[in-house]
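One-letter residues, chain by chain:
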Amino acid sequence: MLKHTELEPRFVKGVPRELEPGVLYVSMEYATVVHGCCCGCGLEVVTQLSPTHWELNFDGEAISLWPSVGNWNLPCRSHYVVRKNKVLEAEPWSQSRVRAAQHREQEARDRYYGQPRTPTPPAPAALPISKPAPARRRSYSFSWFTDLFK
Ligand SMILES: [Zn+2]
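Numbering of residues begins from 1 in every chain and follows the order in which that chain's sequence is written. Restriction of local features to residues with pLDDT of at least 70 applies here, the model being predicted, together with a cutoff of 80 or more for giving and counting side-chain atom pairs; totals for whole chains, interfaces and linings are based on all residues. As a rule here, side-chain values cover all heavy atoms of the structure and leave hydrogens and water aside.

Asker: Where do I start with the overall build of the protein chain in this structure?
Answerer: Each helix and strand counted, the protein chain has two helices and eight strands in total. Start at the N end of the protein chain and walk to the C end: the helices and strands fall as β-β-β-β-β-β-β-β-α-α. Accessibility here uses a 1.4 Å probe with only protein chains present; expressed as a share of the type maximum, an area under 20% marks a residue as buried, one over 50% as exposed, and anything in between as partly exposed. The burial tally for the protein chain puts 42% of its 150 residues in the buried class. Long-range pairs, those at least 24 residues apart, make up 48% of the contacts in the protein chain with a sequence separation of at least 6. Working definition of accessibility: Shrake-Rupley area with a 1.4 Å probe, residue cover restricted to the visible protein chains. Accessible surface, the protein chain: about 8900 Å² in total, of which carbon and sulfur atoms supply 55%. Only DSSP runs of H or I reaching four residues or more are called helices, and only runs of E reaching two or more are called strands; each is numbered from the N terminus. Working rule for contacts: check all heavy atoms of both residues, and any pair within 4.5 Å makes them a contact.

Next comes the structure, spelled out in C-alpha cells:
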C-alpha cells in the first residue's frame with residue numbers, strides 16, 4: 001500500500017536536503033526529479049531524466065514520469081507509476097527480473113552513448129536496433145547527483 005497516492009510537482013533549481021513528503025521536486029537544470037518514496041518510508045528517490053532513463057511530461061498542471069519508479073535499492077522495494085500527479089502502485093518485481101531489466105538498461109545506455117563498458121564486437125548494420133528498455137533503477141554514480149545537493 002502506498003501512503004502517498006498523489007504528488008505535488010515543484011520546480012526547483014536544487015533539491016532541498018529535507019524532502020517534503022508528497023512533493024515531486026523537478027530540477028530542469030540537473031535534468032533530475034527527486035521525491036520521498038511514496039510508500040511512506042520517505043527515503044529519497046532520484047530519477048534522472050535522459051533519453052535512456054526517465055522522461056518527464058508536464059501538461060502545464062500535472063506531471064507524468066515514465067517508465068515506472070522501481071525502488072529496488074530501498075528496503076521497501078516499492079514500485080509505482082507517476083501519472084498526472086497520481087501515484088499508481090505497480091506489481092513488485094523479483095530480483096532476477098530487476099537484474100534482467102538493469103542489464104537491458106545498461107545495454108541501451110551503451111548503445112545510446114556509444115561507450116560500451118566492455119568491448120563487444122560491432123553489431124551487423126542490418127540488425128534492427130531494439131528500443132531501449134525502460135530504466136527502473138536509481139542512479140548514484142553521476143556527478144550531477146552530488147552537484148544537485150550543493
Ligand atoms: Zn519506500
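Resuming the write-up.
Asker: Hey, could you run me through a nonpolar patch on the surface in this one?
Answerer: Nonpolar side chains collect at one region of the surface, where Phe11, Met28 and Phe58 lie side by side and expose about 310 Å² of accessible area between them. Structurally, the position occupied by phenylalanine 11 is in strand E1 (residues 8–11). Residues form patches when they are more than 30% accessible in relative terms and have no salt bridge. Like charges link within 9 Å. Nonpolar side chains (Val, Leu, Ile, Met, Phe, Trp, Tyr) link within 5 Å. By definition here, a salt bridge exists when the distance from a side-chain nitrogen of Lys or Arg to a carboxyl oxygen of Asp or Glu is within 4 Å.

Asker: What is the right way to look at the coordination of the zinc ion in this model?
Answerer: Four donors placed tetrahedrally around a metal ideally meet at 109.5 degrees, and six donors placed octahedrally ideally meet at 90 or 180 degrees. For Na, K and Ca the donor cutoff is 3.2 Å, while for all other metals N, O and S atoms must lie within 2.8 Å; water is not among the atoms, so some sites may look incomplete. Protein ligation of the zinc ion involves Cys37 (SG), Cys39 (SG), Cys41 (SG) and Cys76 (SG), the donor distances falling in the range 2.3 Å. Geometry is assigned from the angles between donors: four donors with all angles from 85 to 135 degrees make a tetrahedral site, four or six donors whose opposite pairs exceed 155 degrees while the rest stay between 65 and 115 make square planar or octahedral sites respectively, and everything else is labelled irregular. For the zinc ion, the four donor atoms in the first shell make angles of 104 to 116° at the metal, so the coordination geometry reads as tetrahedral. In the primary structure, the donors to the zinc ion are separated according to the pattern C-x1-C-x1-C-x34-C. Of this pair, cysteine 41 sits in the loop between strand E3 (32–36) and strand E4 (44–48) while cysteine 76 sits in the loop between strand E6 (63–70) and strand E7 (79–83), placing them 35 residues apart in sequence. Overall, cysteine 41 belongs to the partly exposed group, its relative accessible area being 35%. A relative accessible area of 31% means that cysteine 76 is categorised as partly exposed.

Asker: Got a minute to help me understand the sheet that holds E3 in this structure?
Answerer: Pairing between the strands of a sheet is mediated by backbone hydrogen bonds and can be parallel or antiparallel. By the convention used here, strands pair only if DSSP detects at least 2 bridges between them. Taken in spatial order, the four strands of this open sheet run E1-E2-E3-E4, and their pairing is mixed. For this open sheet the edge positions go to E1 and E4, each flanked by a neighbour on one side alone. When strand polarity is set aside, the average angle formed by the axes of neighbouring strands in this sheet is 20°. Across five bridges, E3 lies against E4 in antiparallel orientation. Within E4, the position partnered with histidine 35 by the bridge is valine 45. Throughout, an axis means a line fitted to C-alpha atoms (over the contacting stretch in the case of helices), and angles, computed between N-to-C directions, take values from 0 to 180 degrees.

Asker: Just checking my understanding: could you explain the confidence of the model for the protein chain for this structure?
Answerer: When pLDDT is low, close inspection of the predicted coordinates is not appropriate. Along the chain, pLDDT gives the predictor's confidence residue by residue, from 0 to 100. Mean pLDDT over the protein chain works out to 85, with 77% of the residues at or above the 70 mark. The element-level mean pLDDT for the protein chain is lowest in helix H2 (residues 143–148), coming to 52, with strand E8 (residues 86–89) highest at 98.

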